[in-house]
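Here is how the chains run, residue by residue.
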Amino acid sequence: IDCTAFLGGIALNFDSNFVSGTSEWVVMEADEFDRSFLQLNPHIAVVTSMDADHLDIYGNHEEMKSTYLKFMGQVREHLLLCNGLQADTTVFE
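Anyway, here's the lowdown on the structure attached to this text. (Residues numbered from 1 in each chain as written. Predicted model: local features only at pLDDT ≥ 70, side-chain atom pairs only at ≥ 80, totals over all residues. Heavy atoms only, no water.)

### Some details on the overall build of the protein
Regarding its fold elements, the protein presents two helices and five strands. Helices and strands appear in the protein in the N-to-C order β-β-β-β-α-α-β. Taking the principal axes of its C-alpha atoms as reference, the protein extends roughly 40 × 30 × 25 Å. Looking at the protein as a whole, 28% of its 93 residues qualify as buried. Nonlocal contacts in the protein, meaning residues at least 24 apart in sequence, comprise 47% of its contacts between residues at least 6 apart. Carbon and sulfur atoms make up 51% of the accessible area of the protein, which amounts to about 6,400 Å² in all. (Helix = DSSP H or I, 4+ residues; strand = E, 2+ residues; numbered from the N terminus. Buried < 20%, exposed > 50% of the residue type's maximum accessible area, 1.4 Å probe, protein only. Contact = heavy atoms within 4.5 Å. Areas by Shrake-Rupley, 256 points an atom, 1.4 Å probe, with all protein chains shown as cover.)

### Topic: unusual backbone geometry
The residue Asp15 is not glycine, and still its phi comes out positive at about 55°. We classify Asp15 as exposed; its relative accessible area is 67%. Positive phi outside glycine occurs at Arg35, with the angle close to 70°. Topologically, Arg35 is positioned in the loop between strand 3 (26-28) and strand 4 (44-47).

### Points about the sheet that holds strand 2 (residues 16-19)
The strands making up a sheet are joined through hydrogen bonds of the backbone, oriented either antiparallel or parallel. On the basis of which strands lie adjacent, the open sheet formed by three strands has the order 2-1-3 and mixed pairing. Looking at which strands have only one partner, the edges of the open sheet turn out to be strand 2 and strand 3. Adjacent strand axes in the sheet meet at a mean angle of 15° when their direction is disregarded. (Pairing = 2+ DSSP bridges. Axes fitted to C-alpha atoms, helices over the stretch in contact; angles between N-to-C directions.)

### Quick look at the state of the cysteines
Under the defined criterion, the tally for this structure stands at zero disulfides. In this structure Cys3 is not part of a disulfide, and its nearest cysteine sulfur, from Cys82, lies 17 Å away. (Disulfide = S-S within 2.5 Å.)

Structure follows, in structure tokens:
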């Protein structure tokens, strides 16, 4: 699939964080840093990890967990959780 992509950082092989594709598909790396991923209502989402990287923003694990769960609730069709993650309150225990 020749998709358009918005990446969280500069990809060395594209020298950009934007890749222009020709298909109707758009893939983006959603950023949890400032809760900006709560502005999204994706049809499909893949959550690969939920590391406590931004506790300076969230304050504690409970607030971060609550924010991730809110995002998961905004996914319209398909939610894929990787690495043993669960869409409930056990994700950080």
